[in-house]
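Coordinate analysis (summary)
In case you want the letters, here they are:
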Amino acid sequence: MGGTEEKQTTGAGRPTSRDVARLAGVSHTAVSFVFNGRAEGNLSPATQERIRRAAAELGYRPDPVARGLRRRRTAVIGLVTDEIASSPFAGRLLRGAMETAWGSEHLVLTIDSGGDPAKEDAAVAELLDRRVDGIIYAAMSLRRVRVPEGLHRTHSVLANCLPEDDSLPSVIPAERAGGRTAARLLLDEGHRRVAMVGGQDDIASVDRLRGFRDALRAEGITVPKEWVVRSGGEISGGYEGAMGILDGMPADRRPTGIFCYNDRVAAGVLHAATRLGIAVPGELSVVGYDDQEHMAEFLTPPLTSVALPHRAMGEAAARLVLDSIDTGRTPPATVRRLACPVISRASVGPAPSR
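Now for a quick tour of the structure. Just so we're clear, the structure is a prediction, and the values are computed from it rather than from any experiment.

Conventions we followed
Residues numbered from 1 in each chain as written. Predicted model: local features only at pLDDT ≥ 70, side-chain atom pairs only at ≥ 80, totals over all residues. Heavy atoms only, no water. Helix = DSSP H or I, 4+ residues; strand = E, 2+ residues; numbered from the N terminus. Polar contact = N/O pair within 3.5 Å; in protein donor to acceptor, adjacent residues only side chain to side chain. Expected span 1.5 Å × (residues − 1). Buried < 20%, exposed > 50% of the residue type's maximum accessible area, 1.4 Å probe, protein only. Salt bridge = Lys/Arg side-chain N within 4 Å of Asp/Glu carboxyl O. Core = buried A, V, L, I, M, F, W, Y, C linked by side-chain atoms within 4.5 Å. Contact = heavy atoms within 4.5 Å. Pairing = 2+ DSSP bridges. Axes fitted to C-alpha atoms, helices over the stretch in contact; angles between N-to-C directions.

For aspartate 263, the location among the structural elements is in helix H11 (residues 263-276). For aspartate 263 and methionine 313, which are 50 residues apart along the polypeptide, the C-alpha to C-alpha distance reads 20 Å. Side-chain polar atoms of aspartate 263 contact the backbone nitrogen of aspartate 291, separated by 2.8 Å.

This is how it looks when you write it as structure tokens:
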């Protein structure tokens, strides 16, 4: 018998709650009270502490499956996204969601669909079969999305995208406000001749331009049509757009500030300025957008950028799901817009006096 007792308490196998009870000298029910959140009012603080010390000594952790069965929960949130592998921002959103979930004793199970609708439906079906407590559906570029089949059958929130049918809550960047912020970075330095380069007709491009024009209009400034260049989102588009605006223009007639659709476009604008011998920020200030990791701070000069709140979106989406799980109520299908903070570096300076 002595050998059996030693085997149970020294943890040759996974220690159980009965091992903890034996070491702490309490009943098995007392241990259950501590690890199921029912100790207050049933056990003295000293007894609770003795049980926790015994659990720590044995390396005991409650069985999450058993706890889930008792609570009718699994302590797992699913996260389905379209392009984790290829997006430079996916890690931030994932970290925000995972750390928020972990703080509420939930894990995040992630599936990358590659943007395939059939795979998205299959991913959601698989997560529902595994009885996850809720699901976050995240897109790596802001747009309206088809809601994957089955997503309405659990507590679900969209991150960085909007549902085509407006049926689920969403957490997205406040893009129009971000455009106003970018304009203010230039206006506050005295710039009045300003341009915008990059983007297309997507939601983010349209909202950023609207916000940019909002701020300028408030100051009585109108951007010339030829200074708004829709040249896409790549470095080449930024270079070509800037060359079209700057090349051959006298210094007193060209813009002194350029707001770029994203940091890749800004890299192209900086390249064009270097090619034309225009000093940044002495003669031309440049504002990027996204604060792309491993890029914005390594450009020459380091780029001032309006950051997308990917980590904050992951945190907020996870919190909405967790709150919905706790209350048992689906949150209303509203849109929550998160602020886009400024990351100041060296590409913005005072407007040149001419």
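Further notes follow.
For helix H8 (residues 175-187), built from 13 residues, the straight-helix expectation of 18 Å at 1.5 Å per residue is met to within 8% by its first-to-last C-alpha distance of 18 Å. Listed in full, the buried residues belonging to H8 are Glu175, Gly178, Gly179, Ala182, Ala183, Leu185, Leu186 and Leu187.

So, about the side chain of arginine 254. Residue position: arginine 254 is located in the loop between helix H10 (235-246) and strand E10 (257-260). For arginine 254, a relative accessible area of 9% gives the class buried. Within the structure, arginine 254 has its side chain in polar contact with the side chain of glutamate 283 (distance 3.1 Å).

We now examine the pattern of salt bridges. A side chain with one charge may pair with a side chain of the opposite charge, provided their charged atoms come close. Enumeration over the complete set of coordinates arrives at 22 salt bridges. Between arginine 143 and aspartate 82 there is a salt bridge, with the nearest N and O atoms lying 2.6 Å from each other. Of the two residues, arginine 143 sits in the loop between strand E3 (134-138) and strand E4 (144-145) while aspartate 82 sits in the loop between strand E1 (76-81) and helix H6 (90-103), which places them 61 residues apart along the sequence. Owing to a relative accessible area of 4%, aspartate 82 belongs among the buried residues under this scheme.

This paragraph deals with the nonpolar core. Ranked by size, the top nonpolar core spans 46 residues in total, and within it Phe212, Ile258, Val269, Leu284, Val286 and Val287 carry the most contacts. Where this core is concerned, the elements lending two or more residues are H8, strand E8 (194-197), helix H9 (203-218), H10, E10, H11 and strand E11 (285-290). In terms of residue count, the dominant contributor to this core is H11 (seven residues). Other than its neighbours up to four places away in sequence, valine 287 contacts Ala182, Leu185, Leu186, Ile258, Phe259, Cys260, Leu303, Thr304, Val306 and Val348.

Strand order in this open sheet of six strands is E9-E8-E10-E11-E12-E14, and the pairing throughout is mixed. Unpaired on one side and paired on the other, strand E9 (228-229) and strand E14 (342-343) mark the two borders of the sheet. In this structure, E11 lies alongside strand E12 (residues 304-307), joined through four bridges in parallel fashion. Bridging from a neighbouring strand, valine 287 pairs with threonine 304 of E12. On top of the sheet, H8 reaches E8, E10, E11, E12 and E14; it is set at about 160° to E11, its chief contact.

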